[in-house]
Amino acid sequence: MPFPDTRDASSGARPHPAPSGHQPMALTLSVVTPSYNQAAFLGATVDSVLAQDLQGVQYQVRDGASTDGTRALLQAYGDRLSWVSEPDGGQPDAIAKGFGELGGDILGWLNSDDLYAPDALATVREAFEADLGLDVLYGGCHQVDAEGTRLSDYRTRPFRLPRLFWDNTIAQPAAFFRRRAWDTVGGFTPGLQCAFDYDLWLRMALAGCRFRYLPVTLAAFRLHGASKSLGQPARCDTELAQVLTRTLHHPRLRNLLGAAYASTRARMHLRMARLAYLHGNPQTCRRHCLRALMWHPPLAAMSPVVAMLARGSKG
């Protein structure tokens, strides 16, 4: 089981948080699940959302005209589930269409092989209602295998703005944001199919959105052969390099980071150097290493990638 069983032994029911006073204008949450030929996992994903048992949640599955029995699976939920099955432009297109149709104040998406933890959405809503200035909230996230067995935890960390620009410590299934943040940045960047979530966090940070880490497990991320992170590493790394390159040239980056600008820029170049090295692009790797050395020599000198290049040049 990806999450511990927290049911009360006497009643069999899961405990829910006690109401925290009168809240006449409770925030609404909109969750979208994009799916394409994921019938093997989609049922567990849908069940984890419907089990939240929380008023004010709008949920929609956006299926990209699957051919693996997904439609029959969705139809079996009857009027308990809102869903659409039609051709789309991939995950970000499906998610954006769902957000456009749903009217929630807080937005999130759960991919068709991932899971929400029990009471995750209630926890998220409470956090946003308690902090009106909060724009982006993210929590802990388990990593599970194809059977749902817990493998490890995603390396989420308390939020530090400089770190976000060279290390994505935000687990997407456990991340939520206000609609105003989504509208401020104009949604997803066109053309991205793998790194669109990290790109979204970076652009929200550059727009001045306020982030907060909640040390509570909110979701589980499923690792299996058909997932993009494992099945399309070259494309994902190429998009990541594009996102980092575009971010490096953002006009607000220097002012936003202040004294941390030089070290953060060096770390971003080192990240891109490593990507280039892994994919057999030694010239690109060398160029980013040299730029990292220019921006922060002590930090860059400790990098394993820089050390490998130095040994290679001596040989």
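Relevant structure appears above.
So, a few notes on the structure that sits alongside this text. (Residues numbered from 1 in each chain as written. Predicted model: local features only at pLDDT ≥ 70, side-chain atom pairs only at ≥ 80, totals over all residues. Heavy atoms only, no water.)

Describing the packing of aromatic side chains
- Under the counting rule described, the total for this entry stands at 14 aromatic pairs.
- Ring geometry for phenylalanine 159 against phenylalanine 211: centres 4.6 Å apart, planes inclined by 5°, an arrangement best described as stacked. Pair noted here: phenylalanine 159 is in the loop between strand 7 (150-153) and helix 5 (161-164) and phenylalanine 211 is in strand 9 (residues 211-222), with a separation of 52 residues, a long-range link.
- Note on phenylalanine 159: relative accessible area 25%, which makes it partly exposed.
- Aromatic pair phenylalanine 177 and tryptophan 182: ring centres 6.1 Å apart, planes at 20°, arrangement stacked. One exposure class covers both phenylalanine 177 and tryptophan 182, and it is buried.
- Taken together, Phe99, Trp109, Phe177, Trp182, Phe188, Phe196 and Trp201 form an aromatic cluster joined through their ring pairs.
- Above the plane of the ring of tryptophan 166 lies arginine 267, whose end atom (NZ or CZ) is 4.6 Å from the centre. (Phe/Tyr/Trp six-rings, centres within 6.5 Å; stacked < 30°, edge-to-face > 60°. Helix = DSSP H or I, 4+ residues; strand = E, 2+ residues; numbered from the N terminus. Buried < 20%, exposed > 50% of the residue type's maximum accessible area, 1.4 Å probe, protein only. Lys NZ or Arg CZ within 6 Å of the ring centre and 35° of its normal.)

Some details on the side chain of arginine 222
- Tracing the backbone shows arginine 222 in strand 9.
- Reaching out from arginine 222, the side chain makes a polar contact with the backbone oxygen of alanine 146 at a distance of 2.9 Å. (Polar contact = N/O pair within 3.5 Å; in protein donor to acceptor, adjacent residues only side chain to side chain.)

So, the environment of glutamate 126
- For glutamate 126, the position within the fold is in helix 4 (residues 120-130).
- The class for glutamate 126 is partly exposed, based on a relative accessible area of 36%.
- Sequence separation between glutamate 126 and leucine 27 is 99 residues; the distance between their C-alpha atoms is 8.9 Å.

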